[in-house]
Amino acid sequence: MDLQYFAELFLGGLTRGSIYALIALGYTMVYGIIELINFAHGEIYMIGAFTGLIVATVLTFAGFPTLAVLVLASVAAVVYSSCYGFTMEKIAYKPLRGAPRLSVLISAIGMSLFLQNYVLLAQTSDFLPFPSLVPDLAFWEPYAHIISSQEIVIISVTATVMVLLNLLIKFTRMGKAMRATSQDREMAMLTGVDVNRVISVTFVIGSATAALGAVLIASHIGQINFYIGFIAGIKAFVAAVLGGIGSVPGAVVGALVLGWTESFFTGYISSDYEDVFAFIFLVVILIFKPSGILGRSETQKV
Amino acid sequence: MSMDFGGLRAVDRLDLMIHRGEIVALIGPNGAGKTTFFNCITGLYTPTEGDIHIHPPGGGSKRINGLKPNRVTELGLARTFQNIRLFQQMTVLENVMIGRHCRLRSGIAGAVFRPPHTVSEERQAAMDSYRILEKIGLESFVNDLAKNLPYGAQRRLEIARALATEPFLLLLDEPAAGMNPHETHELDQLILRLRETENVSILLIEHDMKLVMSLSDRIYVMDYGRKIAEGAPGRIKNDPVVIKAYLGEEYVA
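The shown structure was predicted, so the numbers you read here are calculated from the model rather than taken from an experiment.

A.B. asks: Would you take a moment to explain the overall build of chain A for this structure?
C.D. replies: Scanning chain A for helices and strands turns up eleven helices and two strands. For chain A, the C-alpha radius of gyration of 19 Å lies close to 19 Å, the compact-globule estimate for 302 residues. Judged by the C-alpha coordinates and their principal axes, chain A covers about 60 × 50 × 35 Å. Taking all 302 residues of chain A together, 52% fall into the buried category.

As structure tokens, then:
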């Protein structure tokens, strides 16, 4: 077996997995807190990509250096998407608190369609080129044929976000409130936790990581359109279910497993059936372990 | 105060008063509406009729029906549940720290940027929580998961968590349920001690009559949603209406 080819596929899968993980977080955290599959989450990601594109175009035009453009475009996407996530929860989900889960789910699907078409009308239905925002790291040049600077940045940003998020959930006051809310919402209220605030914060965090992922991957792939949220959303959802929905470490594991599965299957077998392999793998996992890889009742749910 | 569910009147014009520093018991047969009454006071239900007023130690008076449970807790009411409802997957210390939550200020920005006051606030919360555990006698379990505690300790942890919210009124829903006589005796001592050291009034629902009689300053008796008697333990024990409610008609001769 060609070791270098294997390494390439491995690292390619790691990159894919990282992006899936950034998006899957939003699904799994929201599910952990209010048991809702937020189908509009992919659209938040898509809006993040568009915001990143607009800001990046303006800044590049104004003559900012590439690194500054990357940072500012990411920040803008994170802030803008977070606002969308926050507002979406207030408009589409909060009024349905206590309603049957199916109603909220329908509301989520409606929100998803609305946002897709809103961007379609407000922007365009065409594919738009997305500038490559990650500068080539000079010191990395000798290894760039195995893994590009872009991919290095994606992987390290994801890893950093995951570590920070884990610390936040484990040790901070808000993190404890989130865990308490996910275990017993009513009891959390009775111990003085403002549950509505916890839910808002959850949506904001999920939207922020999705937007960050959007800018990074758009810059890597090089084009976006209003429909990218759907595919990305489905994949990230698969990752979340694979890992055990509701569990944060599960989402990361699920995303990486999915990334590697896709990467290795397409690399060794055929690239025509990329999505098919991903979903076959999902079906197999769910047959043998319906609650997902880490989806035991004992995993930390948020 | 009344509470209806559809056509069912679960609590029927119950009128109840607790004075500062009192231990008051609410008793009655199963299904009398005691827990419903608790749910109304703590904001889980909004009463159909009537008002709930509190007079916090700071002075003043506030009507609290219809408020969100977390607001009620902030105002100084804390409760425990008949069936234990701890955060099972969290440690004993974390459970108590959640109770401290509403008394702390730092939000999500603090959690992300960690300014010094957030760090010191969290350290303070951990220390306060530990002190509460010492008072309740749970300090040896600090880092155990709540679900791994022995039964009696879980019950006491619920009380510790409630205390952490700094209540002036503590609502205990069957605190002795499932406890053996020894544990019940310890609980008895604990509740009396809390009244002295923590300056709380206590309203408890309890079926263990020995505990109720020895603890309470006053007792309210409910049946079918109504108050059927109130008074000192000695009077309640011999009240024919109460005996009838508990044992049925034929025993009253």
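And the narrative resumes.
A.B. asks: Would you take a moment to explain the overall build of chain B for this structure?
C.D. replies: Check the secondary structure of chain B and you find ten helices and ten strands. For chain B, the proportion of its 253 residues judged to be buried stands at 40%.

A.B. asks: Would you mind going over the interface of chain A and chain B with me for this structure?
C.D. replies: You'll often see interface size given as the accessible area lost when the parts meet. In this assembly, 23 residues from chain A lie in contact with 27 residues from chain B. The element best represented in the side of chain A that touches chain B is helix 6 (residues 173-183) of chain A, accounting for eight residues. Residue composition of the side of chain A that touches chain B, grouped by class: ten nonpolar, six polar and seven charged.

A.B. asks: Looking at this structure, I do not really get helix 5 (residues 116-136) of chain B. What am I missing?
C.D. replies: An α-helix turns once per 3.6 residues; consequently, residues spaced three or four apart project the same way. All names here are of chain B. Taking 1.5 Å per residue, 21 residues should reach 30 Å; helix 5 reaches 30 Å between its end C-alpha atoms and fits that length. Where helix 5 is concerned, the buried positions are Thr118, Glu122, Ala125, Ser129, Ile132, Leu133 and Ile136. Projected onto a plane normal to the axis of helix 5, the buried residues spread over an arc of 100° and lie on a single side. Among the exposed residues of helix 5, those oriented more than 90 degrees off its buried face are Pro116, His117, Val119, Ser120, Arg123, Gln124 and Met127. Following helix 5 by one or two positions, glycine 137 has its phi on the positive side, about 80°.

A.B. asks: What's the story with helix 10 (residues 248-268) of chain A in this structure? I'm lost.
C.D. replies: Spanning 21 residues, helix 10 of chain A covers 30 Å between terminal C-alpha atoms, matching the ideal 30 Å at 1.5 Å per step. Where burial is concerned, most of helix 10 of chain A is hidden: 15 out of the 21 residues are buried.

A.B. asks: How do you make sense of the environment of glycine 267 of chain A when you look at a structure like this?
C.D. replies: Tracing the backbone through its elements, the reader meets glycine 267 of chain A in helix 10. Glycine 267 of chain A sits 42 residues away from asparagine 225 of chain A along the chain, and the two C-alpha atoms are 26 Å apart.

A.B. asks: Even after reading the chapter, I still don't get the environment of serine 291 of chain A, so can you show me in this structure?
C.D. replies: Looking at where serine 291 of chain A falls in the secondary structure, it is placed in the segment after helix 11 (274-288). Through-space distance from the C-alpha of serine 291 of chain A to that of glycine 243 of chain A is 8.2 Å; in sequence the pair is 48 residues apart.

A.B. asks: What am I meant to see in the nonpolar core here?
C.D. replies: In this structure, Ala21, Ala24, Ala49 and Ala239 of chain A together with Ala160 of chain B are the most contacted members of the largest nonpolar core, which totals 157 residues. The greatest single-element share of this core, amounting to 16 residues, is contributed by helix 8 (residues 195-221) of chain A. Formed jointly, this core draws a minimum of three residues from each of two domains, domain 1 (3-76 + 167-251) and domain 2 (87-149) of chain B. Not counting residues up to four positions away in its chain, the partners in contact with alanine 24 of chain A are Ala236, Ala239, Ala240, Ala251, Gly254 and Ala255 of chain A.

A.B. asks: I'm lost on the environment of leucine 157 of chain B in this one. Help?
C.D. replies: Residues and elements named next belong to chain B. Counting through the fold element by element, leucine 157 comes out in helix 6 (residues 151-164). Given 24 C-beta atoms within 10 Å, leucine 157 falls into the buried group. Spatially, the C-alpha atoms of leucine 157 and isoleucine 202 are 17 Å apart, while their sequence positions differ by 45 residues.

Conventions used here
Residues numbered from 1 in each chain as written. Chains lettered and ligands numbered in written order. Predicted model: local features only at pLDDT ≥ 70, side-chain atom pairs only at ≥ 80, totals over all residues. Helix = DSSP H or I, 4+ residues; strand = E, 2+ residues; numbered from the N terminus. Rg over C-alpha atoms; globule rule 2.2 N^0.38 Å. Buried ≥ 20, exposed ≤ 12 C-beta atoms within 10 Å, placed from the backbone. Contact = placed C-beta atoms within 7 Å. Nonpolar A, V, L, I, M, F, W, Y, C, P; charged D, E, K, R; others polar. Expected span 1.5 Å × (residues − 1). Arc of directions from axis to C-beta. Core = buried A, V, L, I, M, F, W, Y, C linked by C-beta atoms within 7 Å. Domains from an automatic or database assignment.

Treat this as a map of the structure, not an account of what it does.
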